[in-house]
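# Chains, contacts and geometry: an overview
Single-letter residue listing:
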Amino acid sequence: MSHMMRAMEISQPGPADVLTLAERPIPQPGPGEVLLKIAYAGVNRPDVLQRAGLYAPPANASDLPGLEASGTIAAVGAGVSDWAEGDEVCALLPGGGYAEYALTPAAHCLPVPRGMGLREAACLPETFFTVWSNVFQRGGLKAGERFLVHGGSSGIGTTAIQLANTLGARVFTTAGSDEKCAACVTLGAEKAINYHAEDFVDVLRAEGGADLILDMVGGDYIKRNVKALADDGRLVQIAFLQGPQTELNFAQVMMRRLTITGSTLRPQSDLAKARIAESLAEQVWPLLDAGRVAPVMDSEFALEDAVAAHQRMESSGHIGKIVMKVS
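Structure report, in brief. (Residues numbered from 1 in each chain as written. Predicted model: local features only at pLDDT ≥ 70, side-chain atom pairs only at ≥ 80, totals over all residues. Heavy atoms only, no water.)

## A look at the nonpolar core
Buried together is how nonpolar side chains tend to be arranged in soluble globular proteins. Selection rule: Nine residue types can take part in a nonpolar core, namely buried Ala, Val, Leu, Ile, Met, Phe, Trp, Tyr and Cys, and a core is a set of them joined through side-chain atoms within 4.5 Å. Burial classification: accessible surface area is computed with a 1.4 Å probe over protein chains only, and a residue below 20% of its type maximum counts as buried, one above 50% as exposed, and the rest as partly exposed. In this description a helix means any DSSP run of H or I spanning at least four residues, a strand means any run of E spanning at least two, and both kinds are numbered starting from the N terminus.
Ranked by internal contacts, the top residues of the largest apolar core, which has 48 residues, are Phe147, Leu163, Leu214 and Leu280. If one sorts the elements of this core by residue count, helix H3 (residues 125-138) sits on top with six residues. Residues Ala16, Ala69, Trp83 and Val307 belong to the second largest nonpolar core, which totals 29 residues.

What follows is the structure, given as structure tokens:
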């Protein structure tokens, strides 16, 4: 086998067309790592931020974008016993997914769910790790609670709606068009709010308030989220499409016993991510195996069309996940 691989690299920070096809040496797995021969790579919002120069990868990660992929294990590092060469997996990556091969800790791999192809499996890690850890572990969502997720038609949104609905919560969501709202209802949202036409604060307050809100918008949504929460409600922040700053009257938080928290996945330790993977394998993978939850697919591009894949994401016209076919 050749020692080189094709990869799409960020030639310099900027718009989508800075993504450039390059040749890179195939990396070698260190202790506890596996080398994945990538079949499909998922495209995520953090990739777009990294490309624009707004999100530096962690110090020890590949400079190539790409936080999730599916494929076949091509080599294993010292001390890896859970996986062997030839196993088909999907994996959360520290980076490097826009390439024919990538390294990741063995503990961040999960099996391809029964009845699912590698194309669908590539869409699972980034959104399922994010949603499971934030909505269920950090946010503590329980059956019967009212859950609001913003951006319901995104990869995160479509995953959160299905998981919350399957596990017995009442799901509310926001999206930017009637078509997107209809898709959200099909996935299990009790009500999808077109934010151009309706105010989510009014809708949620009429229902008694949200017990949990998952937000990736930030900006003026932070204040509105606090208004939309029920007493003892929780707000979990995972991104800031409208910026991280706002002015907030914290008397509300105190009087109504609200919890404001949040997290970001990528900078967490390998061990923390391994623990999320373990929890997913136990609690969520059986739902995927049974076909009760499945990724919503938007579109597929070739690896060398990464520019078009990023333009599709930035258009915000997509419903569900965007993937690139690598091999």
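Next comes the rest of the description.
## So, the packing of H3 against helix H4 (residues 155-166)
The condition that has to hold: The angle between two axes is taken between their N-to-C directions and runs from 0 to 180 degrees, where each axis is a line fitted to C-alpha atoms and a helix contributes only its stretch in contact. Just so you know how the angles are binned, under 35 degrees is roughly parallel, over 145 roughly antiparallel, 65 to 115 roughly perpendicular, and the rest oblique. Helix crossings fall into two classes, left-handed where the near helix is turned counterclockwise from the far one by less than a right angle and right-handed where it is turned clockwise. In what follows, residue pairs with any heavy atoms lying within 4.5 Å of each other are defined as contacts. Here the nonpolar group is Ala, Val, Leu, Ile, Met, Phe, Trp, Tyr, Cys and Pro; Asp, Glu, Lys and Arg are the charged ones; every other residue, Gly included, is treated as polar.
Direction vectors running N to C along H3 and H4 enclose 55°, while the axes themselves pass 9 Å from each other. By the angle between their axes, H3 is oblique relative to H4. The element H3 and its partner H4 pack so that their crossing is right-handed. Packed against H3, whose contacting residues are Thr127, Phe128, Thr130, Val131, Trp132 and Phe136, the element H4 presents Gly155, Ile156, Thr159, Ala160, Leu163 and Ala164 at the interface. The residue inventory of the contact of H3 with H4, partitioned by class, reads eight nonpolar, four polar and no charged.

## A word on the pattern of salt bridges
Opposite charge on two side chains lets them pair, provided their charged atoms get close. This is how it is decided: Salt bridges, as used here, are contacts in which a Lys or Arg side-chain nitrogen is within 4 Å of a carboxyl oxygen on Asp or Glu.
Tallied over the full model, the rule gives 16 salt bridges. Among the ionic pairs, Glu100 bridges to Arg6, the shortest N-O distance being 2.9 Å. Residue Glu100 is found in the loop between strand S5 (88-92) and strand S6 (101-105), and its partner Arg6 is found in strand S1 (residues 4-10); the two are separated by 94 residues along the sequence. We classify Arg6 as partly exposed; its relative accessible area is 24%. Close ionic contact of Glu145 with Arg234 constitutes a salt bridge, the shortest N to O distance being 2.8 Å. Of this pair, Glu145 sits in the loop between H3 and strand S8 (146-149) while Arg234 sits in strand S12 (residues 229-237), and the two are 89 residues apart along the sequence. Exposure remark for Glu145: the relative accessible area of 15% places this residue in the buried category. A relative accessible area of 13% means that Arg234 is categorised as buried. Overlapping salt bridges, with partners in common, bring together Arg6, Glu100 and Glu304 in one network.

## Some thoughts on the state of the cysteines
Disulfide: a covalent bond formed between the sulfur atoms of two cysteine residues. Convention followed: Criterion for a disulfide: a pair of cysteine sulfur atoms at a distance within 2.5 Å.
Taken as a whole and assessed by the stated rule, the structure comprises zero disulfides. As a non-bridged cysteine, Cys90 has Cys109 as the owner of its nearest cysteine sulfur, 8.1 Å distant. For Cys90, a relative accessible area of 1% puts it in the buried group.

## Regarding H4
For an α-helix, 3.6 residues make a turn, and residues three or four places apart therefore share a direction. Spelled out, the test is: A helix is expected to span 1.5 Å for every residue after the first.
Helix length check: H4, at 12 residues, gives a terminal C-alpha distance of 17 Å against a target of 16 Å (1.5 Å per residue), a fit within 8%. In terms of residue burial, H4 counts as a mostly covered element, since 11 of its 12 residues are buried. Where H4 is concerned, the buried positions are Gly155, Ile156, Gly157, Thr158, Thr159, Ala160, Ile161, Gln162, Leu163, Ala164 and Thr166. Of the residues one or two after H4, Gly168 is the one with positive phi, at around 95°.

## Here's the deal with the packing of aromatic side chains
Spelled out, the test is: Aromatic rings from Phe, Tyr and Trp, taking only the six-membered ring of Trp, are treated as a pair when their centres fall within 6.5 Å; an angle between ring planes under 30 degrees marks them as stacked, one over 60 as edge-to-face, and anything in between as tilted. Two thresholds decide whether a charge sits over a ring: the Lys NZ or Arg CZ must be within 6 Å of the ring centre and within 35 degrees of the ring normal.
All chains considered together, the criterion is met by three aromatic pairs. Taken together, a centroid distance of 6.3 Å and an interplanar angle of 75° make the contact between Phe128 and Trp285 edge-to-face. In this pair, Phe128 sits in helix H3 while Trp285 sits in helix H10 (residues 285-289), placing the two residues 157 residues apart along the sequence. With respect to burial, Phe128 and Trp285 carry one shared label: buried. Taking 5.2 Å as the distance between ring centres and 45° as the angle between the ring planes, the aromatic pair formed by Phe200 and Tyr221 counts as tilted. Note that Phe200 is positioned in helix H6 (residues 200-206) and Tyr221 in helix H7 (residues 221-228), a separation of 21 residues in sequence. With respect to burial, Phe200 and Tyr221 carry one shared label: buried. A cation over an aromatic ring shows up here: Arg224 above the ring of Tyr221, its NZ or CZ 5.0 Å from the ring centre.

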